[in-house]
Amino acid sequence: MIVPEDQAGAILTIDLGAIVHNYRLLRERLGGAACAGVVKADAYGLGAGEVASALLREGCQDFFVAVLTEGIELRKVLGPGPRICVLNGTLPGTEGEFVEHGLTPVVNSLPQLAGWREWRRLHSGSDVPIFLQVDSGMSRMGLQPEDVTLIAEDPSLLHGLRVKCVMSHLACADESEHEANLAQLQEFNRLRALLPQALASLANSSGIFLGRAFHFDLARPGAALYGINPTPGRPNPMRPVVTLASRISQLREVAEGCGVGYGFMARTSCTTRLATISYGYADGWPRNAQASAFFEGVRMPFFGRVSMDSIILDAGACADRLQEGMLVELISEQQTVDDIGAAAGTIGYEILTRLGRRAHRRYVGDNA
Ligand SMILES: *Cc1c(COP(=O)(O)O)cnc(C)c1O
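This section reports on the structure supplied with the text. (Residues numbered from 1 in each chain as written. Predicted model: local features only at pLDDT ≥ 70, side-chain atom pairs only at ≥ 80, totals over all residues. Heavy atoms only, no water.)

Some remarks on the layout of surface pockets
And step 1. In this structure, the largest pocket occupies an estimated 820 Å³ of space.
And step 2. Secondary-structure elements contributing two or more residues to the lining of the largest pocket are α2 (40-44), α9 (205-208), α10 (337-344) and α11 (348-354).
And step 3. Tallied by class, residues from the lining of the largest pocket come to 21 nonpolar, twelve polar and five charged.
And step 4. Roughly 230 Å³ of volume is contained in the second largest pocket.
And step 5. If you trace the second largest pocket, you find 16 residues lining it, with Gly 227, Asn 236, Pro 240, Thr 336 and Asp 338 closest to the centre.
And step 6. At three residues, α10 tops the list of elements feeding residues into the lining of the second largest pocket.
And step 7. Residues belonging to the lining of the second largest pocket are distributed by class as follows: eight nonpolar, five polar and three charged. (1 Å grid on protein atoms, 1.4 Å probe; cavity = no way out; pocket = protein on both sides within 12 Å on 5 of 7 lines; lining within 4 Å. Points joined across faces, edges and corners; volume = space filled by probe spheres on them. Helix = DSSP H or I, 4+ residues; strand = E, 2+ residues; numbered from the N terminus. Nonpolar A, V, L, I, M, F, W, Y, C, P; charged D, E, K, R; others polar.)

Listed below in structure tokens is the structure:
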């Protein structure tokens, strides 16, 4: 939905320059390894077309999406050059769509592999390039160790296919001291030695910060590009990317002892100035995340429950300066997506991917 700015209850500003800056920073950390852009889920809600185009101009040549339809859309935007890989693999019978749109499947299981062999048997042409994902310990997606052994013993299982890259995914990369990281690294190295020579890829955003041994040939950051802290518990090395502002839809003054919002979860203890803003859980704000809005840096705490389409603020600190229609900030350097994630008992990723379906989107810092 495209929402004109003057009609929008909220404005989501996405700094493409900051995304490019973060991409460069990750590339520097990687030294020689290539850096992909993970733009699944509409680039974590920020607009896959805009984000991927900016990364492409920066020299990014590898993109990851989660599902086929995302890949088809992205191919239209990026043109034929860059590689687009589909992380969730192939659903049975969709092989032709992958080939038609030049999408690289991440093959995750023996049945998916069989589907591709069958497709190749029925269609002539050159070998189909694939990524092979192995499960190095997360138990989510990818070939299991015994599947890899089968392939090692019977190379014809890869007939007609060309393994471009062997990849795996880390379960605990955001906990740098977690013993699973080294265990997965070792298992990844063991499994990849059983497979044909190919590029290797293991690290997501946090994995890049675990050190050289995790970098291999290609890293796959998503979150860090979008400003989420890849090193929780330590200072965030990334530049903030999103700001979210919401409009004041109503200002009022209520007397002492008034119930405020659903269930009267708040009650005024004195005469109180309230501001109601046009943002709620239908816009992606978690209903359980009690936080604040900011006006010119001054904090206005939420007062009472988050509603579907609105949030009530205790506007006492700024009431003299506020008018209906003015913007207050919900996400900024004062209150980051990671902060909101913590307040909601979740992670910044979930906050980011749900933001702003009804918001007007403004892209800034574009280098095009
Ligand atoms: C989502 C995803 C990534 C990107 O992870 P971030 O933590 O956002 O950097 C990389 N690889 C795979 C397999 C993923 O599913």
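Here's the deal with the side chain of Gln 184
And step 1. Structurally, the position occupied by Gln 184 is in helix α8 (residues 179-193).
And step 2. A relative accessible area of 3% places Gln 184 in the buried class.
And step 3. For Gln 184, the side chain forms a polar contact with the side chain of Ser 136, separated by 2.9 Å.
And step 4. A distance of 2.9 Å separates a polar side-chain atom of Gln 184 from the backbone nitrogen of Ala 171.
And step 5. For Gln 184, the contacting residues outside a window of four places in its chain are Ser 136, Gly 137, Met 138, His 169, Leu 170, Ala 171 and Cys 172. (Buried < 20%, exposed > 50% of the residue type's maximum accessible area, 1.4 Å probe, protein only. Polar contact = N/O pair within 3.5 Å; in protein donor to acceptor, adjacent residues only side chain to side chain. Contact = heavy atoms within 4.5 Å.)

A few points about the pattern of salt bridges
Two side chains bearing opposite charge may form a pair once their charged atoms approach each other closely.
And step 1. In the structure shown here, the tally under the stated rule is 16 salt bridges.
And step 2. For the salt bridge of Arg 24 with Glu 58, the shortest nitrogen-to-oxygen distance reads 2.7 Å. Note that Arg 24 is positioned in helix α1 (residues 16-30) and Glu 58 in the loop between α3 (48-57) and β4 (62-65), a separation of 34 residues in sequence.
And step 3. Residue classification places Arg 24 among the partly exposed residues on the basis of a relative accessible area of 41%.
And step 4. Of the charged contacts in the structure, one is a salt bridge between Arg 273 and Glu 253, with a shortest N-O distance of 3.7 Å. Pair noted here: Arg 273 is in strand β14 (residues 272-277) and Glu 253 is in strand β11 (residues 242-254), with a separation of 20 residues, a long-range link.
And step 5. Residue Arg 273 is classed as partly exposed on the basis of its relative accessible area, which comes to 36%.
And step 6. According to the relative accessible area criterion, Glu 253 is exposed, its value standing at 54%. (Salt bridge = Lys/Arg side-chain N within 4 Å of Asp/Glu carboxyl O.)

Concerning the sheet that holds β4
And step 1. Pairing is parallel in the open sheet, where seven strands are placed in the order β3-β4-β5-β6-β7-β8-β9. Edge positions in the sheet fall to β3 (37-38) and β9 (199-201), since each has one partner strand and no second.
And step 2. Bridge count between β3 and β4: two bridges; the pairing is parallel. Each bridged residue has a counterpart across the sheet, and for Gly 37 the counterpart in β4 is Phe 63.
And step 3. Against the sheet, helix α4 (residues 68-78) engages β4 and β5 (83-86), with an angle of about 170° to β5. (Pairing = 2+ DSSP bridges. Axes fitted to C-alpha atoms, helices over the stretch in contact; angles between N-to-C directions.)

Here we look at the packing of α1 against α3
And step 1. Where α1 contacts α3, the two axes come as close as 10 Å, and the packing angle between them is 50°. Classed by the angle they form, the pair α1 and α3 counts as oblique. Our pair here, α1 against α3, has a crossing hand that is right-handed. Contacts from Leu 16, Ile 19, Val 20 and Tyr 23 in α1 reach Glu 50, Val 51, Ala 54 and Leu 55 in α3.
And step 2. Of the residues belonging to the contact of α1 with α3, the class tally is seven nonpolar, no polar and one charged. (Parallel < 35°, antiparallel > 145°, perpendicular 65-115°, else oblique. Left-handed = near helix turned anticlockwise from the far one by under 90°.)

So, the site of the ligand
And step 1. Inspection of the region around the ligand gives 13 residues, with Lys 40, Tyr 44, Ser 205, Ala 223 and Tyr 349 positioned closest.
And step 2. Between the ligand and His 169 there is a distance of 3.4 Å, counted from a nitrogen atom to a side-chain nitrogen or oxygen.
And step 3. Within the backbone of Ala 223, an N or O atom sits 2.8 Å from an oxygen atom of the ligand.
And step 4. A total of 390 Å² of accessible area belongs to the ligand in isolation, and the protein chains cover 93% of it.
And step 5. More than half of the atoms of the ligand fall within 2 Å of the grid points belonging to the largest pocket.
And step 6. Among the residues making up the shell around the ligand, the classes are represented as six nonpolar, four polar and three charged. (Near = heavy atom within 4 Å. Areas by Shrake-Rupley, 256 points an atom, 1.4 Å probe, with all protein chains shown as cover. Sits in = over half its atoms within 2 Å of the grid points.)

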